[in-house]
Amino acid sequence: MHPGELATRLKSGLLSFPVTHFDQDLAFDETRYREHLAWQSGFGVAGLFAAGGTGEGFSLTSPEIDRVVRAAVAEVAGAVPVLAPATGGTATAKAQARAAQEAGADGILLLPPYLTEAGQAGLVEHVTAVCSATDLGVIVYSRANAVFTDESVAALADRNPNLIGLKDGVGDVELMTRIYAKVGDRLMYVGGLPTAETFALPLLQLGVSTYSSALYNFLPEFALGFFESVRAQDREAVYRKLNDFVIPYLDIRDRTRGYAVSIVKAGLNAVGRDGGRVRPPLSDLSPAETDELAALIAKVS
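- As annotated in an unreviewed UniProt entry, the protein carries the name Probable 5-dehydro-4-deoxyglucarate dehydratase and comes from Nocardiopsis tropica.
- UniProt's Pathway (unreviewed entry) comment on the protein is quoted here verbatim: "Carbohydrate acid metabolism; D-glucarate degradation; 2,5-dioxopentanoate from D-glucarate: step 2/2."

The following block contains the structure:
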C-alpha cells in the first residue's frame, strides 16, 4: 500500500493492537492468533498493528515477529491494513522493517529503542535510517526514551517522504500543540497513551484524529461506539461510557505495572475467546481481578 494511501485509510477509523496468543509453553500459537484476527477484522476497524505493545512485541524475537506479521497478513488478506513493528536499536529496527515489507505488511510502527537514552539528533538519525530501509509508510511512536520535539518531528517530515504519522504516547498538550502548529496535516496523529479512550476527546482538538484501542480486542462494538462518540464530539456520551466502563477498567489496570497488556488478555478470557497468558516479565491478573473484570464487561456487553 502506498504510504499516502495508508495514511488516508488509517485516519478513516479506529485502530487496534491485537494481542499475540501463546500456548501453554508460551510459544506463539498461530492458530488461535489467526482466529482472533479473523474476528477482529470483521467489525470495520481501520488498521491492525501486529506484534505491537498490546501484542507483547517487546517479548518476541525477530523471527517470532516475522511469523506473527506473516500470519496477520495472510489471515486478513488485504481486508484491513496490517502494520508491523520495528523495535530495538537501529540495525535491528532496519532489519525488521525490511522483513515486514518482504512479508507483505502495509506499514511500520517504529517503537522506541529499548533502554538506550539518546538526544534529539540521534533519534532523528534513527528514524531516518529506518524510513530509508523500507518503501512502506512509517509511523513513529513518541514515548518513553524516544520523545520527539516539534523541531525533530518537522525535520523528520521534511527528510522522509514515507514518514506518514506520529503516535503520541506522552499526552503533553503543549508539545502536541507545538507539533501540530509546525507540521500540520503533513502527518497523521495517532493517540497512543495506554487505554487511549481516556484521552481521545481532548486530544482530538490537538489534531489527533484517531487512536489505537486495546479494548477493541474483547469489546469491539463498545470500542467502535466510543470512537464514534469521540468523532461526533458527543461529550455526554463519551463521559457516560468513561464512567460506565473505562474508568473502572483503569482502576483494575493500575493495580500492577504491566497490567495494561495483561488486562486485555484477561478481557478476552472473560468474553470466552481465550486470550491466554502473558509472557514474563508481565504477570496475569489474579482470578479475583479477572472475575471483577468479567462483571464489568457484562454491564456493557
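**What about the sheet that holds strand 4 (residues 107-110)?**
In step 1: Pairing is parallel in the closed barrel, where eight strands are placed in the order 1-2-3-4-5-6-7-8.
In step 2: As paired strands, strand 4 and strand 5 (residues 137-142) are joined by four bridges and run parallel to one another. If you follow Leu109 over to strand 5, its bridge partner there is Ile139.
In step 3: Each of strand 6 (163-168) and strand 7 (188-191) touches helix 7 (residues 173-183); the most contacted strand, strand 7, lies at about 160° to it.

**Re the packing of aromatic side chains**
Where two aromatic rings form a pair, the distance of their centres and the angle of their planes describe that pair.
In step 1: For the coordinates displayed, the defined rule picks out ten aromatic pairs.
In step 2: Their ring planes at 5° and their centres at 4.7 Å tell us that Phe17 and Phe49 sit as a pair that is stacked. Taken together, the positions of Phe17 in the loop between strand 1 (15-16) and helix 2 (30-40) and Phe49 in strand 2 (residues 47-49) put the pair 32 residues apart, joining distant regions of the chain.
In step 3: The buried category is assigned to Phe49, whose relative accessible area is 1%.
In step 4: An angle of 65° between the planes, with centres 5.4 Å apart, marks the rings of Phe222 and Phe245 as edge-to-face. Separated by 23 residues along the polypeptide, Phe222 in helix 9 (residues 220-231) and Phe245 in helix 10 (residues 235-253) bring together distant segments of the chain.

**Some details on the pattern of salt bridges**
In step 1: One pass over the full model with this rule turns up 13 salt bridges.
In step 2: The salt bridge partner of Arg32 is Asp29, with a shortest N-O separation of 3.2 Å.
In step 3: What makes Asp29 buried here is its relative accessible area of 17%.
In step 4: Ionic pairing is found between Glu30 and Arg34, a salt bridge with its closest N-O pair at 3.4 Å. Remark: Arg34 and Glu30 occur in helix 2; sequence separation between them is four residues, near one turn of the helix.
In step 5: A single network of salt bridges, built from pairs that share partners, joins Glu30, Arg34, Arg67 and Glu75.

**Considerations on the packing of helix 2 against helix 3 (residues 62-76)**
In a packed pair of helices, the relevant descriptors are the angle between the two axes and the axis-to-axis distance.
In step 1: Where helix 2 contacts helix 3, the axes come no closer than 10 Å and their chain directions differ by 40°. Accordingly, the angle class assigned to the pair helix 2 and helix 3 is oblique. Relative to helix 3, helix 2 is oriented so that their crossing is right-handed. Across from Glu30, Tyr33, Arg34, Leu37 and Ala38 in helix 2, the residues of helix 3 making contact are Arg67, Val68, Ala71, Ala72, Ala74 and Glu75.
In step 2: Along the lines of polarity and charge, the residues of the contact of helix 2 with helix 3 split into seven nonpolar, no polar and four charged.

**Quick notes on the side chain of Ser16**
In step 1: Looking at the secondary structure, you find Ser16 in strand 1.
In step 2: Once residues within four sequence positions are removed from consideration, Ser16 is found in contact with Gln40, Val45, Gly47, Leu48, Phe49, Ser213, Tyr216 and Asn217.

**Looking at the environment of Gly169**
In step 1: Note that Gly169 resides in the loop between strand 6 and helix 7.
In step 2: Judged by its relative accessible area of 14%, Gly169 is buried.
In step 3: For the pair formed by Gly169 and Ala196, sequence separation is 27 residues and the distance between their alpha carbons is 9.2 Å.

Calculation criteria
- All residue numbers refer to position in the chain's written sequence, counted from 1.
- In keeping with the predicted nature of the model, local features appear solely for residues at pLDDT of at least 70, side-chain atom pairs appear and are counted solely at 80 or more, and the whole-chain, interface and lining totals rest on all residues.
- With hydrogens and water stripped out, all remaining heavy atoms of the structure feed into the side-chain values.
- UniProt positions are given in the numbering used here, feature names are shortened, and annotations may be inferred rather than shown by experiment.
- Any two strands between which DSSP finds at least two bridges are classified as paired.
- Helix and strand labels come from DSSP, where a helix needs a run of H or I of at least four residues and a strand needs a run of E of at least two; each type is numbered from the N terminus.
- Contacts are assigned to residue pairs with any non-hydrogen atoms lying within 4.5 Å of each other.
- For helices, the fitted axis covers only the stretch in contact; all axes are lines through C-alpha atoms, and the angles between them, taken along N-to-C directions, range from 0 to 180 degrees.
- Only the six-membered ring of Trp is used, alongside the rings of Phe and Tyr, when aromatic pairs are assigned; centres must lie within 6.5 Å, and planes under 30 degrees apart are stacked while those over 60 apart are edge-to-face, with the rest tilted.
- A simple rule labels every residue: compare its accessible area, found with a 1.4 Å probe on the protein chains alone, to the largest value its type can have, and call it buried under 20%, exposed over 50%, or partly exposed in between.
- Whenever a carboxyl oxygen of Asp or Glu lies within 4 Å of a side-chain nitrogen of Lys or Arg, that contact is scored as a salt bridge.
- Angles below 35 degrees are treated as roughly parallel, those above 145 as roughly antiparallel, those between 65 and 115 as roughly perpendicular, and all remaining angles as oblique.
- The handedness criterion is simple: a crossing whose near helix is rotated anticlockwise from the far helix by less than a right angle is left-handed, and one whose near helix is rotated clockwise is right-handed.
- Gly counts as polar in this scheme, as do all residues outside two lists: the nonpolar Ala, Val, Leu, Ile, Met, Phe, Trp, Tyr, Cys and Pro, and the charged Asp, Glu, Lys and Arg.

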